[in-house]
Amino acid sequence: MLKRLRQKLRNNLAALEMPANPTAAKVRTLIPKCFVCERDTAGHRFATIASTVLSKVNETRVRAIYQHVEEHDWTALRDFTDFDGELDAVLVYAVRCSNHPGGMVLLISDPHELYAGPEAIRMELITDAELDIIASFVKDTDWQEM
Ligand SMILES: [Zn+2]
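Because the structure is a prediction, the values reported are computed rather than measured.

## What about the overall build of the protein chain?
The helix and strand tally for the protein chain stands at four helices and five strands. The linear arrangement of helices and strands in the protein chain, starting from the amino end, is α-α-β-α-β-β-β-α-β. The principal-axis extent of the C-alpha atoms belonging to the protein chain is close to 60 × 35 × 25 Å. Evaluated residue by residue, the protein chain yields a buried proportion of 21% over its 146 residues. Across the protein chain, every contact between residues at least 6 apart in sequence was considered, and the portion connecting residues at least 24 apart equals 64%.

Given below as structure tokens:
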């Protein structure tokens with residue numbers, strides 16, 4: 001009985017096929033399904049396109065990053081590369097798929113404490129033309145398999 005249960009658990013874990021890349025695993029947990037093709041996001045690619053830190057003194061930039069995502073002002077995001085390992089992060093990811101046009105942009109909060117998981121704050125659907133704008137300032141090598 002126990003042996004069968006263990007085997008079943010092992011099979012279930014294998015079926016999850018979580019990627020080895022921890023960031024890819026995190027993004028897949030946040031967005032398991034693609035809102036464009038309604039399939040599993042496995043096989044899609046993502047890139048971090050902007051980042052800032054969540055703190056009182058940085059409130060203006062946090063509001064700005066949110067507003068740029070809301071208004072689809074992707075070029076404005078290229079100036080957001082702030083990082084501080086001691087502070088919670090606000091990150092923007094772009095998700096694309098080679099099997100369909102368009103993709104998604106995801107704004108998340110990523111607490112620096114390990115016990116607190118990341119949380120999706122806002123999701124926007126984007127067109128191929130918008131993906132081209134994003135790709136103009138994101139290196140080809142920054143796109144990772146999910
Ligand atoms: Zn898709």
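Moving on from the coordinates now.
## Re the environment of Arg78
If you trace the backbone, Arg78 turns up in the loop between α3 (59–70) and β2 (88–96). Using a count of 15 C-beta atoms within 10 Å as the deciding quantity, one classes Arg78 as partly exposed. Distance in space between the C-alpha atoms of Arg78 and Phe137 is 6.8 Å, their sequence separation being 59 residues.

## Details of the sheet that holds strand β5 (residues 144–145)
Across a sheet, paired strands are connected by hydrogen bonds in the backbone, their directions being either parallel or antiparallel. Ordered in space as β4-β3-β2-β1-β5, the five strands form an open sheet in which the pairing is antiparallel. Each end of this open sheet is capped by a strand with a single partner; those strands are β4 (119–126) and β5. As paired strands, strand β3 (residues 103–110) and β4 are joined by seven bridges and run antiparallel to one another. Residue pairing for β4: Val105 is matched across the bridge by Glu124. Against the sheet, α3 makes contact with β1 (45–54), β2, β3 and β4, and its axis sits at roughly 150 degrees relative to β1, the strand it touches most.

## Digging into the pairing of β1
Look at any regular strand and the pattern is simple: side chains alternate between the two faces of the sheet. Where β1 and β2 come together, nine bridges link them in antiparallel fashion. Looking at the pairing, Phe46 lines up with Val95 of β2. Pairing analysis gives two bridges linking β1 to β5, with the strands arranged antiparallel. Residue pairing for β5: Phe46 is matched across the bridge by Gln144.

## Quick notes on unusual backbone geometry
If you check the backbone angles, Glu38 has positive phi at about 60 degrees while not being a glycine. Along the polypeptide, Glu38 turns up in the loop between α2 (22–30) and β1. Overall, the presence of 7 C-beta atoms within 10 Å leaves Glu38 in the exposed class. In this structure, His72 is a non-glycine residue whose phi angle is positive, near 55 degrees. Structurally, His72 can be placed in the loop between α3 and β2.

Cut-offs and rules
Residues numbered from 1 in each chain as written. Predicted model: local features only at pLDDT ≥ 70, side-chain atom pairs only at ≥ 80, totals over all residues. Helix = DSSP H or I, 4+ residues; strand = E, 2+ residues; numbered from the N terminus. Buried ≥ 20, exposed ≤ 12 C-beta atoms within 10 Å, placed from the backbone. Contact = placed C-beta atoms within 7 Å. Pairing = 2+ DSSP bridges. Axes fitted to C-alpha atoms, helices over the stretch in contact; angles between N-to-C directions.

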